[in-house]
Amino acid sequence: MTYDARMNEARVLVVEDEARIANLVCDNLEDEGYRIMLASDGDAALRAAHAGGIDLILLDVMLPHVDGFEVCRRLRAEGDRTPILFVTARDLPPDRVRGLMVGGDDYLVKPFQLDELLARVHAILRRKGWSGRAQAAQVQVGNGTVDFERGEATCANGSIEPLNRKELGILRLLVEAHGGVVSRTDILTEVWGDEVDPTPRTVDNFVVRLRKKFESDPAEPQYLLTMRGVGYRLREKGALRTS
Ligand code: CA
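In this text the structure is predicted, and so the values were computed from the model without any measurement. (Residues numbered from 1 in each chain as written. Predicted model: local features only at pLDDT ≥ 70, side-chain atom pairs only at ≥ 80, totals over all residues. Heavy atoms only, no water.)

### Quick notes on the coordination of the calcium ion
Metal coordination angles have textbook ideals: 109.5 degrees for a tetrahedral set of four donors and 90 or 180 degrees for an octahedral set of six. Here is the rule: Only nitrogen, oxygen and sulfur atoms qualify as donors, provided they sit within 2.8 Å of the metal or within 3.2 Å for Na, K and Ca; with water excluded from the atoms, sites may seem incomplete. A helix here means a DSSP run of H or I that spans at least four residues, while a strand means a run of E at least two residues long, and both kinds are numbered starting from the N terminus. Burial status follows relative accessibility: with a 1.4 Å probe on protein chains alone, a residue under 20% of its type maximum counts as buried, one over 50% as exposed, and anything between as partly exposed.
Taken together, the protein ligands of the calcium ion are Asp17 (OD), Asp60 (OD) and Met62 (O), with distances of 2.1 to 2.3 Å. Coordination of the calcium ion draws on donor residues from a single chain, spaced D-x42-D-x1-M in sequence. Of this pair, Asp17 sits in the loop between β1 (11-15) and α1 (19-31) while Asp60 sits in the loop between β3 (56-59) and α3 (68-77), and the two are 43 residues apart along the sequence. With relative accessibility at 35%, the residue Asp17 sits in the partly exposed group.

### Some details on the environment of Pro218
Basically, it comes down to this: Residues are treated as being in contact if the distance between any of their heavy atoms lies within 4.5 Å.
Inspection of the secondary structure assignment puts Pro218 in the loop between α8 (200-214) and β11 (224-227). Note on Pro218: relative accessible area 34%, which makes it partly exposed. Sequence-wise, Pro218 and Ala156 are 62 residues apart; in three dimensions their C-alpha atoms are separated by 10.0 Å. Among residues more than four places away in sequence, those in contact with Pro218 are Arg211 and Lys212.

### Details of the packing of helix α7 (residues 184-192) against α8
Using the following cut-off: Where helices are involved, their axes are fitted lines through C-alpha atoms of the stretch in contact, as for all axes, and angles between N-to-C directions lie from 0 to 180°. By definition in this entry, angles of less than 35 degrees are roughly parallel, angles greater than 145 are roughly antiparallel, angles of 65 to 115 are roughly perpendicular, and the rest are oblique. Ten residues, namely Ala, Val, Leu, Ile, Met, Phe, Trp, Tyr, Cys and Pro, are considered nonpolar, four, namely Asp, Glu, Lys and Arg, are considered charged, and the remaining ones, Gly among them, are considered polar.
Packing of α7 against α8 leaves a shortest axis separation of 9 Å and a crossing angle of 85°. Judged by the angle between their axes, α7 and α8 are roughly perpendicular. Judged by residue contacts, Arg184, Ile187, Leu188 and Trp192 of α7 engage Pro200, Thr202, Val203, Asp204 and Phe206 from α8. Class assignment of the residues belonging to the contact of α7 with α8 gives a composition of six nonpolar, one polar and two charged.

### Side note on the pairing of β1
Heads up, the condition is: A pair of strands is considered paired only if DSSP assigns at least 2 bridges between the two.
Counting buried positions along β1 gives four out of five residues, so the element sits mostly inside the fold. Where β1 and strand β2 (residues 35-39) come together, five bridges link them in parallel fashion. In the sheet register, Leu13 faces β2, and the bridge partner there is Met37. Inspection of the sheet shows β1 paired to β3 by four bridges, in the parallel sense. Considered in β3, the bridge of Leu13 is made with Ile57.

### Some words on the sheet that holds strand β9 (residues 160-162)
Spatial ordering of the open sheet is given by β6-β7-β8-β9, a layout of four strands whose pairing is antiparallel. Of all the strands in the sheet, the pair left with one neighbour each is β6 (138-141) and β9. Adjacent strand axes in the sheet meet at a mean angle of 25° when their direction is disregarded. Across four bridges, the pairing between β6 and strand β7 (residues 144-147) is antiparallel. Each residue of the ladder has a partner; that of Gln140, found in β7, is Thr145. Helix α6 (residues 165-176) contacts β6, β7 and β9 of the sheet and is inclined by roughly 80° relative to β6.

### Considering the nonpolar core
How we decide: Grouping buried Ala, Val, Leu, Ile, Met, Phe, Trp, Tyr and Cys residues that are joined through side-chain atoms within 4.5 Å yields what is termed a nonpolar core.
One finds Val146, Ile170, Leu171, Ile187, Trp192 and Phe214 to be the most contacted residues of the largest nonpolar core, which totals 27 residues. Those elements that provide at least two residues to this core are β6, α6, α7, α8 and β12 (231-234). For this core, the element with the highest residue contribution is α6, accounting for six residues. Residues in contact with Ile187, not counting those within four places in the same chain, are Ile170, Leu173, Val182, Trp192, Val203 and Tyr232.

### Side note on the domain arrangement of the protein
Definition in use: Residue ranges assigned to the domains are those given by an automatic or database domain assignment. Each of two parts loses accessible area, computed with a 1.4 Å probe, when they are put together; buried area is these two losses added. Any Lys or Arg side-chain nitrogen found within 4 Å of a carboxyl oxygen on Asp or Glu counts as a salt bridge. As used in this structure description, the phrase polar contact means that two N or O atoms lie within 3.5 Å; if the pair is within protein, one of them must be able to donate a hydrogen and the other to accept it, and residues adjacent in sequence are counted only when both atoms belong to side chains.
What the domain assignment lists for the protein is domain 1 (3-130) and domain 2 (135-242). The distance between the C-alpha centroids of domain 1 and domain 2 comes to 29 Å. Contacts between domain 1 and domain 2 engage five residues on the former and 10 residues on the latter. Both sides of the domain 1 and domain 2 interface together cover about 720 Å² of buried area, and 36% of this is carbon and sulfur. Put simply, domain 1 and domain 2 have zero salt bridges between them. Along the contact surface separating domain 1 from domain 2 lie zero residue pairs in polar contact (both at pLDDT 80 or more).

### Quick word on the sheet that holds β11
Read across the open sheet, the three strands follow the order β10-β12-β11; overall the sheet is antiparallel. With partners counted over all chains shown, the strands left at the sheet margins are β10 (181-183) and β11, one partner each. Between one strand axis and the next, the sheet turns by 30° as a mean value, whatever way the strands run. Sheet analysis places β11 next to β12, joined by four bridges and oriented antiparallel. Note that in β12 the partner of Thr226 across the bridge is Tyr232. Against the sheet, α7 touches β10, β11 and β12, its axis set at about 65° to β10.

Structure, rendered in structure tokens:
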């Protein structure tokens, strides 16, 4: 399994009351280069989350004091949208559903394979559009700019508009490809993940919306280009100034 080195500066809060599992998870995430914080009960988890700067929370469900579902519910009620991956021995379908209903992003059942844990951590961070602090927050896209930290676009017409998580995810993939083609399948996998209903057409609709923001003439795109039958690529602004 290969990981993008830039992914690995992400800060992960591990919430786990069993020392053996906590050590195993923390050691392996540290080996991958992630920066780790450990909380061994729900109150400590909430305090750590409130302190901020966390990119992902691995959240056990059965914890002393406040349980994992309640930690997640409270954070979401406070508007905290940090991705949460439940890691728990409770594997009954109602528990999984509850975990997702209270605002969790994914659910992994113990005992788990370490490879699967690492793959899910990586996938969630990719979907969030996380790619390390060295990445510029503001990137030129066509006739506008994207601010990945603020989650907004300065559009071709000069207006400032919010970008949703999926729009940011698509833009991040295109920007990171540096002019290369990104397939619809990769976009669906990275941005939509396990969501059940998207089709390649869904991606097309998002790209149409993005063109309206970043192209001076969305009907004749110069930057957000369709590669027929394959996917999309983002022509970098400088590349057009050849004629
Ligand atoms: Ca536990």
